[in-house]
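The primary structure of each chain is shown beneath.
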Amino acid sequence: MSAMSTRRDVTELLQAWNRGEKVLDELMPLVYDELRRAASRYLRQERPGHTLQPTALVNEAYLRLVDRRKANWQDRAHFLGVAAKIMRNILVDHARIRRARKRDVAQTIVLSEAAGSVQKEVDLLGLDEALNKLAGLDAGYGRMVELRFFGGLSIEETAEVMGSSPTTVKRDWVLSKSILHRYLETHAT
């Protein structure tokens, strides 16, 4: 099956879901691999020995997605964007629980995108705080970073979800990374 027909099938199934049809058994095989790749990519950047596995992250995200009764899905990119936000929330919740259990163990993530070309370890909760600050400055910047970094969406897919042009997303991506980098540097512990 081609990527275009898969995207069309996903969009059609999401629209059927919006109408209340029970299509999850058909939808999940079409998006599961993509969600698992995003989870794997993200977890590879986590601290060594992280207890969450990609399959567990996708399964937890799936349960939360299924629980969204009135999501009004637009298309595949919208679905993946929501999934990215859910995965971010799961990982932040996981970090909070772990920090509460072991106050002296720092959760770290290798933040190559937000730190520019130099890989830098960042506290996951600090990253979440930085993203919330960024979203406070401009909600679009926060959403874009979430889609790109946590969701693994391309510039074009991010532009589609945000209703913007790829040129605008590229420009805002550079600015957002710079703002995040500065915030993370000045608030490092």
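Everything below is about the structure shown above.
Please read all numbers here as calculations on a predicted model, not as lab measurements. (Residues numbered from 1 in each chain as written. Predicted model: local features only at pLDDT ≥ 70, side-chain atom pairs only at ≥ 80, totals over all residues. Heavy atoms only, no water.)

Peer 1: What is the right way to look at the packing of aromatic side chains in this model?
Peer 2: Two aromatic rings are characterised by how far apart their centres lie and by the angle between their planes. Across all of its chains, the model carries three aromatic pairs by this definition. Each ring, one from Trp17 and one from Phe79, has its centre 6.4 Å from the other, and the planes form 55 degrees; the classification is tilted. Residue Trp17 is located in helix 1 (residues 3–18), and its partner Phe79 is located in helix 4 (residues 76–101); the two are separated by 62 residues in the primary sequence. Phe79 matches Trp17 in its accessibility class, with the two residues each being buried. (Phe/Tyr/Trp six-rings, centres within 6.5 Å; stacked < 30°, edge-to-face > 60°. Helix = DSSP H or I, 4+ residues; strand = E, 2+ residues; numbered from the N terminus. Buried < 20%, exposed > 50% of the residue type's maximum accessible area, 1.4 Å probe, protein only.)

Peer 1: Looking at this structure, how should I read the side chain of Arg148?
Peer 2: Here Arg148 shows up in helix 6 (residues 139–150). Residue class for Arg148 comes out buried when judged on its relative accessible area of 19%. Apart from the residues lying within four places of it in its own chain, the contact partners of Arg148 are Leu153, Ser154, Ile155, Thr158 and Trp173. (Contact = heavy atoms within 4.5 Å.)

Peer 1: Can you walk me through the packing of helix 6 against helix 7 (residues 155–162) in this structure?
Peer 2: A pair of packed helices is captured by two measures, namely the crossing angle of their axes and the spacing between those axes. Where helix 6 meets helix 7, the closest approach of the two axes is 10 Å, and the angle between their N-to-C directions is 135 degrees. With respect to their mutual orientation, helix 6 and helix 7 come out oblique. Where helix 6 crosses over helix 7, the handedness of that crossing is right-handed. Taken together, the residues of helix 7 that come into contact with helix 6 (itself represented by Gly140, Arg143, Met144, Leu147 and Arg148) are Ile155, Thr158, Val161 and Met162. Residue classes in the contact of helix 6 with helix 7 are distributed as five nonpolar, two polar and two charged. (Axes fitted to C-alpha atoms, helices over the stretch in contact; angles between N-to-C directions. Parallel < 35°, antiparallel > 145°, perpendicular 65-115°, else oblique. Left-handed = near helix turned anticlockwise from the far one by under 90°. Nonpolar A, V, L, I, M, F, W, Y, C, P; charged D, E, K, R; others polar.)

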